[in-house]
Amino acid sequence: MTTYLLAGGGTAGHVNPLLAVADGLRARDDSANVLVLGTKEGLEARLVPQRGYELLIVDKVPFPRRPNKAALAFPTRFRKAVAQVREHIRANNVDVVIGFGGYAAAPAYVAARKAGVPFIVHEANARPGLANVLGARRAAGVGVAFAGTPLKGSDVVGMPLRREVVELDRAAQRAEAADFFGLDPAKPTLLVFGGSLGAQRLNEALEGSWEDILDAGWQLIHITGEKSEYVDPEVEGYVVRRYVDRMDLAFAVADMVVSRSGAATVSEISALGLPAIYVPYAVGNGEQRLNAASAVEAGAALIIDNADFTGDAVRDDVVPLLRDAERRRGMEHAAVSVGIRTGTENVITMIDEALSGR
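Caption draft 1: Local environment of the overall build of the protein. For the protein, the helix and strand inventory stands at 15 helices and 13 strands. At 21 Å, the protein has a C-alpha radius of gyration in line with the 21 Å of a compact globule built from 358 residues. Across its three principal directions, the C-alpha atoms of the protein cover 65 × 45 × 35 Å. Expressed as a percentage of the 358 residues in the protein, the buried residues total 51%. Of the contacts formed within the protein by residues at least 6 apart in sequence, a portion of 62% connects residues at least 24 apart. Only carbon and sulfur atoms are counted for the fraction: they give 47% of the accessible area of the protein, which is about 16,200 Å². In the protein, 39 positive and 44 negative side-chain charges are present, and the distance between their average locations comes to 11 Å.

Structure, rendered in structure tokens:
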């Protein structure tokens with residue numbers, strides 16, 4: 001029996017691909033021992049046990065960003081975290097470690113190297129995190145979701161995606177999806193969403209332009225975010241939801257998407273062959289713009305900067321694309337060329353290669 005230790009967490013961007021690979025390993029061999037390493041504070045503390053996996057705990061030790069007391073204490077705290085992971089590896093006879101970034105990943109990489117256990121790295125974002133930058137230097141394999149990600153020795157393997165997205169047949173499920181949202185399956189549909197929390201900028205732009213979208217002959221699904229106070233005009237063909245738990249059906253009925261460009265979002269939209277307009281979140285280190293870059297370069301998507309995405313931008317940039325069926329078809333073909341549905345399988349192949357090379 002092989003024992004796998006999957007390390008990562010903190011945010012959904014780290015936890016979801018980790019869980020996709022865990023599910024893939026278990027589906028392939030139900031006798032495999034799949035363990036997850038994470039912190040008490042991260043999203044993994046809730047999601048991993050819910051999915052039925054054992055969560056092994058490591059202390060959360062952030063890399064110091066400035067000289068202060070935390071920086072002085074960092075070496076001791078990090079050594080303690082590495083020792084915790086080494087004990088988990090020893091106690092569970094771990095055969096291979098797979099890291100997905102986040103606070104748990106860095107000590108996992110160091111502990112695996114010290115224990116003589118092979119480890120691989122998966123990076124979801126086009127701009128890698130520090131833990132994966134350091135881990136890639138000694139890893140048995142490095143996989144990235146996007147071409148151009150600057151990690152040493154990396155191969156583009158795609159994003160491990162949710163099974164409901166990987167297995168989605170948009171054409172076969174379009175009628176069911178249209179019925180779910182109360183839409184006409186024969187009319188084209190634009191899907192607009194900003195992630196689980198929504199996006200105020202997208203909501204404000206749609207508030208002054210949704211009529212133009214409907215006037216162009218399109219239907220509209222607008223996911224505003226759970227905390228949004230957006231007022232639903234309650235008109236036929238315009239579906240407003242604060243949250244949708246069946247995003248697979250939203251994708252099934254969509255003919256084009258306007259959204260933020262988180263790594264998972266871009267990966268799912270490209271894998272499904274959907275043309276897109278991305279409005280990168282302006283806060284952070286610019287990774288959302290970089291996540292969308294390969295799709296834009298391939299001709300599958302456009303970018304509109306957050307500050308520029310207004311009602312006028314919808315009328316001037318989005319609506320003309322809705323009216324241009326030939327251009328959208330070209331974007332669909334380009335999306336298929338860059339989209340990868342086999343991210344989970346590709347990461348598992350890397351794991352197998354690391355084990356065979358021991």
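Caption draft 2: The arrangement of the packing of aromatic side chains in detail. The final tally for this structure, using the stated rule, is five aromatic pairs. Measuring from ring centre to ring centre gives 5.0 Å for F180 and F181, while their planes differ by 80°; the resulting arrangement is edge-to-face. Between the aromatic rings of F193 and F251, the centroid separation amounts to 6.2 Å while the plane-to-plane angle is 75°, which identifies the pairing as edge-to-face. With F193 in strand β8 (residues 189-193) and F251 in helix α10 (residues 247-253), this pair connects stretches of sequence that are 58 residues apart. No difference in accessibility class separates F193 from F251, as the two residues are buried.

Caption draft 3: Broad picture of the sheet that holds strand β6 (residues 141-144). The seven strands are arranged β3-β2-β1-β4-β5-β6-β7 in an open sheet whose pairing can be described as parallel. At either margin of the open sheet sits one strand with a lone partner, and together these are β3 (54-57) and β7 (154-156). Neighbouring strand axes in the sheet, compared pairwise and without regard to direction, differ in orientation by 25° on average. Two strands pair when backbone bridges link them, and strand β5 (residues 119-123) and β6 are joined in this way by four bridges, in the parallel orientation. Bridging from a neighbouring strand, I120 pairs with G141 of β6. Running over the sheet, helix α1 (residues 12-28) touches β1 (3-7) and β2 (33-38) and is turned about 170° from β1.

The rules behind these values
- Residues numbered from 1 in each chain as written.
- Predicted model: local features only at pLDDT ≥ 70, side-chain atom pairs only at ≥ 80, totals over all residues.
- Heavy atoms only, no water.
- Helix = DSSP H or I, 4+ residues; strand = E, 2+ residues; numbered from the N terminus.
- Rg over C-alpha atoms; globule rule 2.2 N^0.38 Å.
- Buried < 20%, exposed > 50% of the residue type's maximum accessible area, 1.4 Å probe, protein only.
- Contact = heavy atoms within 4.5 Å.
- Areas by Shrake-Rupley, 256 points an atom, 1.4 Å probe, with all protein chains shown as cover.
- Lys, Arg positive; Asp, Glu negative; His and termini not counted.
- Charge placed at Lys NZ, Arg CZ, Asp CG, Glu CD.
- Phe/Tyr/Trp six-rings, centres within 6.5 Å; stacked < 30°, edge-to-face > 60°.
- Pairing = 2+ DSSP bridges.
- Axes fitted to C-alpha atoms, helices over the stretch in contact; angles between N-to-C directions.

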